[in-house]
Amino acid sequence: MCGINWYWQGGGALRDSGRWRHREEVARRGSPSAPRMPAMPKSPIADPNEDYPRWYQDVIAKAGLAENGPVRGTMVIRPYGYAIWERIQADIDRRIKAAGADNVYFPLFIPESYLQREAEHVEGFSPELAVVTHAGGKDLTEPVVVRPTSETVFGEQMAKWVNSYRDLPLLLNQWANVVRWEMRPRLFLRTSEFLWQEGHTVHADAEDAAAYALRIHHDVYRDFLVDTLALPVLLGRKTAEERFAGAINTMTCEGITRDRKALQLATSHELGQNFARAFDITYTDEGGTVQTAWTTSWGASTRLVGGLIMGHGDARGLRLPPRIAPTQVAIVVVRDEDGAVDAARQLGDAIAATGARVQVDADTHTGFGRRATDWELKGVPLRIDLGPRDLAEGQATVVRRDTGEKLPIPLGEVPGRIEPLLNEIQAAMLGEATDFRESATTDVASIDEALEAGREGVGRIDWAKLGPEGERRLLDDGVSVRCIQRPDGTVPATEDEPNLQAIVARAY
RNA sequence: CGGGGAGUGGCGCAGUCUGGUAGCGCACUCGGCUGGGGGCCGAGCGGUCGCAGGUUCAAAUCCUGUCUCCCCGACCA
């Protein structure tokens, strides 16, 4: 948790360049007749204001998060990207267990017939199924699908495990990979195979199921997204149009990216009795009557990494909130002179002793500028520059990644300043992202205005004014209803509550 | 599947029209100078030009076939 690594080895892979030429041309075009200026510092990544999709890909490549796998749509997650995922996993897993669910593992392969037992479910997932028809050197009598999600296998098994009202609620979760053959893949946001957590629960009645789905939505997803990832998500209910295939209610956490689109970051579904009926999940109640159970499912995936990138990243690369950052503090030895390396290691030990995750970058054969840029690309919240000049003055230069602010701090005081600074950064990032979202949001009163607002950013309109017909009109132009929520931002129990607001935007 | 484009060192590309010694940038290796924001100079390593046929004295380049990938249109955590 608070270990310290002396030698940082992650730099080499970042250093492939590639796309500089074009950017330099763009930069020159900007000022054709200007006299030769001192060269602007070259950015290793695209300008997010000019080409956001390329910026996104550049950040993933240069920060060493992931790259494409050999099969279209697949993703190789590299050490730094996986370290972020592991921290996401650990945090969510802790919250899921606190909500009372136990972890299990179910098979990757599902009989094709299972999918077909729930009509909407098949219809929703068939187009993106990977199906194994041939194995062990012969055709299979029944093809098996590679799970796109596991409601069906869970349903089949849970039916066996539930007999009495005393067996309920049954609260299960698994961490797994799933496969959905996507047409337009994008690293982390939409890959053919992705990693996620999927919870599956069985309850005695509708109320208990609804309450649990809501509890997960708040205590696991909302709290994690806001408190740990510093992403100010919008909570709400999906419209019938956007609902999960087979659910009676889907609740969502919608993030807003820096290019003003919506990104669904986690969902929690009430499945009603649809799957319980299809898989015969029944129990005997206290009165001795056989009842059909109610189920829920809920999930969050590696897409969260994409949400982090797009929710906080800036022109210099990734910015990680301290609570999720695998490395919170990077001590950069400017030059190996006057005992700077030893001083950096001592400082590293002192900081590690406060509980912060710190790394010493003593790779002084690489120029300082290169290393400073690399740590910025990786989004490490605090960088501490330490060189002969600092040592002579008995200080270190602490640089905040979120603001770029450089703080000269006396060496002895540095360790004590780290935790407060990290807390400050965590809070500032949430505040900044919240301000950004508000600035991207427009309240509107008509369908036309909603369309306009949704194309440019986020629109908010009375659900009663929009309605399913208005929703379909927006869809024709690529704008969807991301969720409907109460005026106070909480999740409505039904679509029919008065004064509901529809949040509309383009979506990833 | 409909429409557009591309396959050339690890990555990004030029060369193809008009056949004639495969080139550039980055990365990588070595040496030196540097060093407080992606440094400079020099020397190197590395490619059967997607694949298969054909034309020709000669093919990355022309012809035929074939494979693959990417982008734009319809899904999703």
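Here the structure is a predicted model, which is why all the values come from computation and not from measurement. (Residues numbered from 1 in each chain as written. Chains lettered and ligands numbered in written order. Predicted model: local features only at pLDDT ≥ 70, side-chain atom pairs only at ≥ 80, totals over all residues. Heavy atoms only, no water.)

### Quick word on the overall build of chain A
Across its full length, chain A holds 15 helices and 24 strands. Projected onto the principal axes, the alpha-carbon positions of chain A cover approximately 80 × 50 × 50 Å. Put simply, chain A has 508 residues, and 54% of those count as buried. Of all intrachain contacts in chain A linking residues separated by at least 6 positions in sequence, the fraction that spans at least 24 positions is 68%. Only carbon and sulfur atoms are counted for the fraction: they give 49% of the accessible area of chain A, which is about 22300 Å². With 59 positive and 74 negative side-chain charges, chain A shows a spacing of 6 Å between the two charge centroids. (Helix = DSSP H or I, 4+ residues; strand = E, 2+ residues; numbered from the N terminus. Buried < 20%, exposed > 50% of the residue type's maximum accessible area, 1.4 Å probe, protein only. Contact = heavy atoms within 4.5 Å. Areas by Shrake-Rupley, 256 points an atom, 1.4 Å probe, with all protein chains shown as cover. Lys, Arg positive; Asp, Glu negative; His and termini not counted. Charge placed at Lys NZ, Arg CZ, Asp CG, Glu CD.)

### A word on the pattern of salt bridges
Counting across every chain of the model gives 28 salt bridges. The partner of Arg 319 in a salt bridge is Asp 314, and the shortest N-O contact between them spans 4.0 Å. When its relative accessible area of 3% is taken as the criterion, Arg 319 is described as buried. Through salt bridges with shared partners, a single ionic network connects Arg 258, Asp 314, Arg 319, Arg 401 and Glu 432. (Salt bridge = Lys/Arg side-chain N within 4 Å of Asp/Glu carboxyl O.)

### So, the packing of helix H10 (residues 340-352) against helix H13 (residues 414-440)
As a packed pair, H10 and H13 sit with axes 8 Å apart at the nearest point and diverge in direction by 50 degrees. It follows that H10 is oblique to H13 by the angle criterion. As for the relative orientation of H10 and H13, their crossing is right-handed in sense. Of the residues in H13, those in contact with Leu 347, Ala 350 and Ile 351 of H10 are Val 414, Pro 415 and Ile 418. Residue composition of the contact of H10 with H13, grouped by class: six nonpolar, no polar and no charged. (Axes fitted to C-alpha atoms, helices over the stretch in contact; angles between N-to-C directions. Parallel < 35°, antiparallel > 145°, perpendicular 65-115°, else oblique. Left-handed = near helix turned anticlockwise from the far one by under 90°. Nonpolar A, V, L, I, M, F, W, Y, C, P; charged D, E, K, R; others polar.)

### Quick notes on the protein's contact with RNA strand B
Near RNA strand B you find 41 residues, and of these Pro 44, Thr 364, Arg 370, Glu 376 and Asp 390 are the closest. Contact between RNA strand B and Arg 303: a base oxygen at 3.1 Å from a side-chain N or O atom of the residue. Contacts to RNA strand B include Pro 388, whose backbone N or O atom sits 3.4 Å from a base oxygen. Contributing elements (two or more residues each) for the surface near RNA strand B: helix H1 (20-30), helix H11 (368-378), strand S18 (382-386) and helix H12 (388-393). Top contributing element to the surface near RNA strand B by residue count: H11, with seven residues. A class-by-class count of the residues in the surface near RNA strand B yields ten nonpolar, eleven polar and 20 charged. (Near = heavy atom within 4 Å. Polar contact = N/O pair within 3.5 Å; in protein donor to acceptor, adjacent residues only side chain to side chain.)

### Describing the packing of helix H2 (residues 52-62) against helix H9 (residues 303-312)
Here H2 crosses H9 at 120 degrees, and the two axes come no closer than 11 Å. For the pair H2 and H9, the crossing hand works out as right-handed. Of the residues in H9, those in contact with Tyr 52, Trp 55, Tyr 56, Val 59 and Ile 60 of H2 are Gly 306, Ile 309 and Met 310. Broken down by class, the residue content of the contact of H2 with H9 amounts to seven nonpolar, one polar and no charged.

### Thoughts on empty space enclosed by the protein
With the rule as written, the count across this model stands at two cavities of 30 Å³ or more. Of the voids in this model, the largest cavity is the one considered here, and its volume is about 110 Å³. Around the largest cavity, the lining is made up of 15 residues, and of these Leu 231, Pro 232, Gly 255, Ile 256 and Thr 257 lie nearest the centre. Listed by contribution, the elements that provide at least two residues to the lining of the largest cavity are strand S11 (249-256), strand S12 (262-270), H9 and H13. Of the residues that constitute the lining of the largest cavity, the class distribution is nine nonpolar, four polar and two charged. Approximately 50 Å³ is the volume found for the second largest cavity. Considering the residues around the second largest cavity, the lining is formed by Glu 151, Phe 154, Gly 155, Met 158, His 200, Thr 201, Leu 271, Phe 275, Ile 281, Thr 295 and Thr 296. Secondary-structure elements contributing two or more residues to the lining of the second largest cavity are helix H6 (151-161), strand S9 (193-203) and strand S15 (294-301). If you tally residues by element for the lining of the second largest cavity, the top one is H6, at four residues. (1 Å grid on protein atoms, 1.4 Å probe; cavity = no way out; pocket = protein on both sides within 12 Å on 5 of 7 lines; lining within 4 Å. Points joined across faces, edges and corners; volume = space filled by probe spheres on them.)

### What about the confidence of the model for chain A?
On average, residues of chain A carry a pLDDT of 90, and 92% of them reach 70 or more. Scored as a complex, the prediction yields pTM 0.92 and ipTM 0.88. (pLDDT = per-residue confidence, 0-100.)

### Quick look at the environment of Ala 230
Within the secondary structure, Ala 230 is located in the loop between helix H7 (206-228) and strand S10 (234-237). For the pair Ala 230 and Met 429, spaced 199 residues apart in the sequence, the C-alpha separation amounts to 6.3 Å. Not counting the four nearest positions on each side in its chain, Ala 230 is found in contact with Leu 225, His 312, Pro 321, Gln 426, Met 429, Leu 430 and Ala 433.

### What about H11?
When we look at burial in H11, the residues that qualify are Arg 371, Ala 372, Asp 374, Trp 375, Glu 376, Leu 377 and Lys 378. If you follow the buried residues of H11, they end up packed against H2, helix H3 (79-98), strand S16 (329-333), strand S17 (358-361) and S18. Gly 379, located one to two residues past H11, shows a positive phi value of around 80 degrees.

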